[in-house]
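Working through the structure, step by step
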Protein chains: 2
Amino acid sequence: MQAITYDDQEELQLSIREKPVPAQDEVLIKVRLAGICNTDMEITSGMLGFNGVLGHEFVGEVVQDNQDKFTGRRVVGEVNIPCYDCQRCKRRQFRHCANIKALGMRGKDGVLAEYVTLPRENVFLVPNEITDKEAVFVEPIAAAVEIAEQYHLKPSEKIAILGDGKLGLIIAMTLQALGLPVTVIGRHENKLAKLSSLAIETYLEKNIPADFQDIPVVIDATGSSSGLESALNLVRPEGKVIFKTTIAKEININLAPLAINEVQLLGSRCGPFAPAIKLIKENNLPLGELITAQYPLKEGLKAFAKAREKDTLKVLVKP
Amino acid sequence: MQAITYDDQEELQLSIREKPVPAQDEVLIKVRLAGICNTDMEITSGMLGFNGVLGHEFVGEVVQDNQDKFTGRRVVGEVNIPCYDCQRCKRRQFRHCANIKALGMRGKDGVLAEYVTLPRENVFLVPNEITDKEAVFVEPIAAAVEIAEQYHLKPSEKIAILGDGKLGLIIAMTLQALGLPVTVIGRHENKLAKLSSLAIETYLEKNIPADFQDIPVVIDATGSSSGLESALNLVRPEGKVIFKTTIAKEININLAPLAINEVQLLGSRCGPFAPAIKLIKENNLPLGELITAQYPLKEGLKAFAKAREKDTLKVLVKP
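Residues numbered from 1 in each chain as written. Chains lettered and ligands numbered in written order. Predicted model: local features only at pLDDT ≥ 70, side-chain atom pairs only at ≥ 80, totals over all residues. Heavy atoms only, no water.

Things to note about the side chain of Asp65(A)
Residues and elements named next belong to chain A. Position of Asp65 among the secondary structure elements: in strand β5 (residues 57-65). The buried category is assigned to Asp65, whose relative accessible area is 6%. A distance of 2.9 Å separates a polar side-chain atom of Asp65 from the backbone nitrogen of Lys69. (Helix = DSSP H or I, 4+ residues; strand = E, 2+ residues; numbered from the N terminus. Buried < 20%, exposed > 50% of the residue type's maximum accessible area, 1.4 Å probe, protein only. Polar contact = N/O pair within 3.5 Å; in protein donor to acceptor, adjacent residues only side chain to side chain.)

Let's talk about the pattern of salt bridges
Enumeration over the complete set of coordinates arrives at 28 salt bridges over all chains. Glu26(B) serves as the salt-bridge partner of Lys108(B), at 2.6 Å between the closest nitrogen and oxygen. Of this pair, Lys108(B) sits in strand β9 (residues 107-108) while Glu26(B) sits in strand β3 (residues 26-36); the two residues are 82 residues apart in sequence, bridging distant segments of the chain. Between Arg95(B) and Glu146(B) there is a salt bridge; the shortest N-O distance is 3.4 Å. Here Arg95(B) is found in the loop between α2 (87-90) and β8 (101-103), whereas its partner Glu146(B) is found in helix α4 (residues 138-150), with 51 residues between them in sequence. Overlapping salt bridges, with partners in common, bring together Arg32(A), Arg74(A) and Asp132(A) in one network. (Salt bridge = Lys/Arg side-chain N within 4 Å of Asp/Glu carboxyl O.)

Remarks on the interface of chain B and chain A
Counting residues at the interface gives 38 residues for chain B and 38 residues for chain A. Buried surface at the junction of chain B and chain A, both sides included, amounts to about 3400 Å², of which 50% is carbon and sulfur. Contact with chain A buries surface across chain B, with His96(B), Leu255(B) and Glu262(B) losing the most and accounting together for 17% of the total. Where chain B packs against chain A, one counts four salt bridges. Here Asp214(A) and Arg88(B) are joined by a salt bridge, their closest N and O atoms 2.6 Å apart. Between the two partners, chain B and chain A, sit 21 residue pairs in polar contact (both at pLDDT 80 or more). Class assignment for the residues of the side of chain B that touches chain A results in 17 nonpolar, eleven polar and ten charged. (Contact = heavy atoms within 4.5 Å. Buried area = accessible area lost by both parts, 1.4 Å probe. Nonpolar A, V, L, I, M, F, W, Y, C, P; charged D, E, K, R; others polar.)

Right under this line is the structure:
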């Protein structure tokens, strides 16, 4: 089968790989549609030390299930594959398993391929109401839901989202659907306009009103090293900064304001699939606005080149 | 009167100042004993832009109170002087007042002097059971109590305190007195030994056991730029790092582990005086162990020199 692979010798390439064979606890999935995430691009710069088939955002059809539970069904899949045996798993911190594998990121081939295998435990059915082009967003929407899963967000308390990239826009749509009062701060009029069908307040960073300050909750979804400093300037004393940025490099920052203003800087990563699926099914999220381009799998390298362009939002790949 | 003053022209010096005159809402206090804090030393490097009489840790006797409530009584005093009028004060965030003054730090002369004035609202009586040498520790113990005031610390969850300086040792004594299971990690055998009268686990940093990891709560009281990285290495996924370090300089750090491990980095600063006074009264804290030296006010410059020496813990100054 065809697959987009990366290894530190050969770089990114379109490869021919053996069709994977599911283990006893796994199902075989034919990928219908996949998305390229910023993490995939970080992997291609060698950051995470991963070698293998890339990709973890997808929707597919189960073509082999020894227990027949999912055969023929359209599914999405949770990225993290825990060992269920270490101390962290025993504490039910499955997504933080000490021996974790992660689809297309760590010890497990990903979804930018014709076929992928995944443990049955990781598979979630996609309701008919959700299209393939919506279903590829389940994983990033789950990551947005995670914020509300981890921390108490109050319907009365203003939330500022910093960043108008894919992540910022998805978090905005998600928290808006959860009834929370969000404002998005970005640097691109055309990206902020993607939210225009929703009643979401947006500001260009250079036009933030003077009285927009002392914000109870600020989410850093900039993916940039300057995001945290902006967030610490905007948040009110004893407020929360949700840290969604996973850039794997050192930043230079003065953290004294965090102690002095008693701010809470709260890390947040992957999230639960079931509420993300429910949220897409029950809300008319303008996810189509986030899709910049779609390529066939055999043009996967072009898809990555497009994904790296400055104005691109989501790029999809169809096997 | 004599006073230890700092300004960016004249540096640190022993000055002669007018005895202060209390405003209508203030009392006049004759200082009995004062302490030198790391913040005082930071001020003398020009960090906080403060000019005036230094010092904020003290015990004194009220010698003038127009309402006669405190006259003749032994008192300590809350450092932060809010305006009671700004938006933050209206939200009852008094210690984060937008127009805050702070004793010996911002807009208000401090306690390294024969006399000091303070708003009546900031004054707390010292019970007879507490000696002067204990009372000077009310302010830093309040800052330690603040951790439990802000965040839910569970009696069953291990707390690692990084740092065996004054702050680390005071936090250890305080949380131990609150029934919490603390372990102190330091670099100085002689400083860790100050806790030997208490049943507190201590380790030299170089001798941390291999199984001492995945700690639910880690407190960075190192006051050093490397403390946060050590804390992020020690804390378990979804755990709390309490950030007590207020070094006013940029640090270089990779914060990706904070997002990936969904850690909570929680700022913490000053705390409530009433529970700190109660805690000293009801517990036999070995605070005397923390006192390295005491100088008369007229030798205040020597006191600062001593306070800056590497092995010094608390230095006291007696007017």
